[in-house]
Amino acid sequence: MSHELSGRTAIAGLGITEMGKVYGRTATDFAVRAVALAAEDAGIGLTELDGLLINPGVGGDIGLPLQAALGVGELRLLSTVQGFGSSACAMVQYASLAISAGLAETVACVYADAPLRQGAGSGAAYTGAARQASALDGLPRAAGLDSAAAKYALAARRHMERYGTTSEQLGAVAVAARQWAAFNERAQMRDRKLTLEDHQASRVVADPLRLFDCCLVSNGGIAVIVTSAERARSLARPPVYVLGWGQGHPGHPMARGSGFGLVTGAATSGPAALAMAGLSLSDIGVREIYDCFTFTTLVSLEDYGFCGKGEGGAFAASGALAPGGSHPTNTGGGQLSSYYMWGMTPLSEGVIQARGDGGPRQVAGADAILVSGNGGVLDHHATLILGPHPHP
Amino acid sequence: MSVSPLTRDEHSAEFFDAAARGVLLLRWSTECGGYLPPAAVICPCAPLAPLEWREASGLGEVVTWTVIPVRGTDAVPPTVVAYVELAEGPWITVRVRGIDPAKLRAGHPVRIGFETPEGGGETIPIALPPHPG
């Protein structure tokens, strides 16, 4: 039995800008273009938007002034949403709630970022000085913990120590993502083959994470248009129904008994989203999992229950995630191999699959798609269940 | 590796004064008697009760760690950073010195020491082998 709000709203438009090493444009430029593309995709004019939710990204480069940049007046809903990598799924949730409650009817949700500079490596993209509340919050950085990769390395190493997960198993996640990317014309790594040997030979960024355990960095923007299911049926594209949602923020303490690196918010956001949709795990045909690092995919799949706790490594190594595998996952190549647009990477591919627009990578019978956002260092999860039918 | 970027503030002054004397302080709840990480501002057991600074034993064990190579050179040893669970319960993030990273395991015992960055700045805790020498 699904929740009364299940299937009441839908994603009616998807806008993906030029992506990757695209220089000379600001995050606002990308955001404006993404919203315009999403509106065009839905077959509506920008003036038909009455809501705008904006995910400002790491640097806060886009925000409320986006309304003026878009030239849209008379909005009934306007706000930034910040859940780091869980923001994209969260924005669709808040938009759906607002629409269901009559606060707005047609809401654009957008993320854009432009961290890459011509002539600078992607490693230079996110190394700004950490903002901190107290000098004591600066202790980790002073100890040398100065990158997302190093923090996720601590999580991955803890999982390895507890469950015997290996670097080769993390490599299987990277290889599967790269295999999917070969079928995605938008994927930055579309033409770059990756073998497990390549993964094992790649340089260590922060042990146990190697270069090919790490996501890409991209300039670009992605937006979706969320509206009522009824209105979506009258628009240009087949509706992608929002069937279920959930969030999980475990708030692991930095103290004895902490689940850091072992359990993520997906353990609670997943069951909540499935219950709302009235579905069980076996109904899920496609998984679009936030994959800032290979380990994120692995531990999230465990917490959603697609394999047992501690078995994510063997699950990935079995080929389950790859094209032709038992559990198609990150079918566009994910952040590891397609493009890094925070939570918009898995969300955009979820919409593409639900519409049946995947072309050579389309998964047959994609009636229920799980989209997973992750933020912080496995601190914030938001989950959506999407599908082409309002009552699957 | 760059020097410590830390500059003390009102909240952290006592912690850094003790660190300079070679003493690790933790926050301590006057309500439940539990220890909390140095940056804690409340105890969840009693959010309105005051916290005090208490000396920690300085003993703990490694929860997890990462080894970060310095890019472009093999001459500089890698940075080893760990989460250490102190005997009192809280975890702290510390640089590991004097332990072969290949020998690290979850549960590896450590002793908290201190170092002051070469270019100056506040003294910070580090993890050392459990027995001096």
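Attention in this report is confined to the structure presented alongside it. (Residues numbered from 1 in each chain as written. Chains lettered and ligands numbered in written order. Predicted model: local features only at pLDDT ≥ 70, side-chain atom pairs only at ≥ 80, totals over all residues. Heavy atoms only, no water.)

1. Here we look at the packing of helix H9 (residues 266-277) of chain A against helix H10 (residues 294-304) of chain A
All names here are of chain A. Two elements in contact, H9 and H10, have axes separated by 8 Å at closest approach and are oriented at 50 degrees. One element, H9, and the other, H10, form an angle in the oblique class. Between H9 and H10 lies a crossing of right-handed hand. Between H9 and H10, the residues in contact are Ala 266, Ala 267, Ser 269 and Gly 270 and Ser 300, Asp 303 and Tyr 304, respectively. (Axes fitted to C-alpha atoms, helices over the stretch in contact; angles between N-to-C directions. Helix = DSSP H or I, 4+ residues; strand = E, 2+ residues; numbered from the N terminus. Parallel < 35°, antiparallel > 145°, perpendicular 65-115°, else oblique. Left-handed = near helix turned anticlockwise from the far one by under 90°. Contact = heavy atoms within 4.5 Å.)

2. Some words on the interface of chain A and chain B
Each side of the interface is counted separately: chain A has 30 residues, and chain B has 41 residues. Roughly 2800 Å² is buried in total at the junction of chain A and chain B, and carbon and sulfur atoms are behind 66% of that figure. For the chain A face of the interface with chain B, the top three residues by lost area are Leu136(A), Met254(A) and Arg256(A), together amounting to 24%. The interface formed by chain A and chain B includes one salt bridge. The shortest N-O distance in the salt bridge between Glu85(B) and Arg256(A) comes to 2.8 Å. Our enumeration of links across chain A and chain B arrives at 13 residue pairs in polar contact (both at pLDDT 80 or more). Listing elements by their share of the side of chain A that touches chain B, those giving two or more residues are helix H4 (139-142), helix H5 (148-163) and strand E5 (204-206) of chain A. (Buried area = accessible area lost by both parts, 1.4 Å probe. Salt bridge = Lys/Arg side-chain N within 4 Å of Asp/Glu carboxyl O. Polar contact = N/O pair within 3.5 Å; in protein donor to acceptor, adjacent residues only side chain to side chain.)

3. Quick notes on the pattern of salt bridges
Residue and element names in this part refer to chain A. This structure, assessed with the given rule, holds 19 salt bridges over all chains. In this structure, Arg 237 engages Asp 41 in a salt bridge whose closest nitrogen and oxygen atoms are separated by 3.0 Å. With Arg 237 in the loop between helix H8 (229-232) and strand E8 (240-248) and Asp 41 in helix H1 (residues 27-42), this pair connects stretches of sequence that are 196 residues apart. Close ionic contact of Asp 357 with Arg 237 constitutes a salt bridge, the shortest N to O distance being 2.7 Å. In this pair, Asp 357 is assigned in the loop between helix H13 (344-355) and strand E10 (369-375) and Arg 237 in the loop between H8 and E8, connecting sequence segments 120 residues apart. Connected through shared salt-bridge partners, Asp 41, Arg 237, Arg 355 and Asp 357 make up one network.

4. A closer look at the sheet that holds strand E5 (residues 79-86) of chain B
Pairing within the closed barrel is mixed, and its five strands lie in the order E4-E5-E6-E8-E7 (chain B). Pairwise comparison of adjacent strand axes, ignoring direction, gives a mean angle of 50 degrees for this sheet. Bridge count for strand E4 (residues 59-68) of chain B against strand E7 (residues 109-115) of chain B is three bridges, and the pairing is antiparallel. Across the sheet, Glu61(B) pairs through a bridge with Pro109(B), a residue of E7(B). In the packing of H5(A) onto the sheet, the strands contacted are E4, E5 and strand E6 (91-96) of chain B, and the crossing angle to E4(B) comes to about 120 degrees. (Pairing = 2+ DSSP bridges.)

5. A look at the packing of helix H6 (residues 167-181) of chain A against H10(A)
Residues and elements named next belong to chain A. The N-to-C vectors of H6 and H10 enclose an angle of 100 degrees; their axes lie 8 Å apart at closest approach. As judged from the angle between their axes, H6 and H10 are roughly perpendicular. Here Leu 170, Val 173 and Ala 174 of H6 come into contact with H10, specifically with Thr 294, Phe 295, Thr 297 and Leu 298. When its residues are assigned to classes, the contact of H6 with H10 shows five nonpolar, two polar and no charged. (Nonpolar A, V, L, I, M, F, W, Y, C, P; charged D, E, K, R; others polar.)

6. Digging into the nonpolar core
Ranked by internal contacts, the top residues of the largest apolar core, which has 73 residues, are Ile11(A), Cys109(A), Met344(A), Leu347(A), Leu384(A) and Leu386(A). Ranked by size, the runner-up nonpolar core spans 55 residues in total, among them Ile62(A), Val72(A), Val110(A) and Ala229(A). (Core = buried A, V, L, I, M, F, W, Y, C linked by side-chain atoms within 4.5 Å. Buried < 20%, exposed > 50% of the residue type's maximum accessible area, 1.4 Å probe, protein only.)

7. Points about the packing of aromatic side chains
Residues and elements named next belong to chain A. Going through the model one piece at a time under the given rule, you end up with nine aromatic pairs over all chains. Between the aromatic rings of Tyr 111 and Trp 342, the centroid separation amounts to 5.4 Å while the plane-to-plane angle is 25 degrees, which identifies the pairing as stacked. Of the two residues, Tyr 111 is situated in strand E4 (residues 106-113) and Trp 342 in the loop between helix H12 (334-337) and H13; the sequence distance between them amounts to 231 residues. In terms of burial, Tyr 111 and Trp 342 fall into one category: buried. (Phe/Tyr/Trp six-rings, centres within 6.5 Å; stacked < 30°, edge-to-face > 60°.)

8. What about the pairing of E4(B)?
Note on strand geometry: in a regular strand, side chains alternate between the two faces of the sheet. Residue and element names in this part refer to chain B. Among the 10 residues of E4, eight are classified as buried, and the element is accordingly described as predominantly covered. The pairing of E4 with E5 spans eight bridges and is antiparallel. Of the residues in E5, the one forming a bridge with Ile 68 is Thr 79.

9. Digging into H5(A)
Along an α-helix, residues three or four positions apart point the same way, because every turn accommodates 3.6 residues. The terminal C-alpha atoms of H5(A) lie 22 Å apart, and with 16 residues this matches the ideal 22 Å at 1.5 Å per residue to within 8%. All of the buried residues in H5(A) are Ala149(A), Ala150(A), Tyr152(A), Ala153(A), Leu154(A), Ala155(A), Ala156(A), Arg157(A), Arg158(A), His159(A) and Met160(A). (Expected span 1.5 Å × (residues − 1).)

10. Comments concerning the sheet that holds strand E1 (residues 25-29) of chain B
Residues and elements named next belong to chain B. The strand order across the open sheet built from three strands is E2-E1-E3, with neighbouring strands paired in antiparallel fashion. Edge positions in the open sheet fall to strand E2 (35-36) and strand E3 (51-55), since each of these has one partner strand only. Relative to E3, E1 runs antiparallel, the two being bridged by five bridges. When the bridges of E3 are listed, Leu 25 appears paired with Glu 55.

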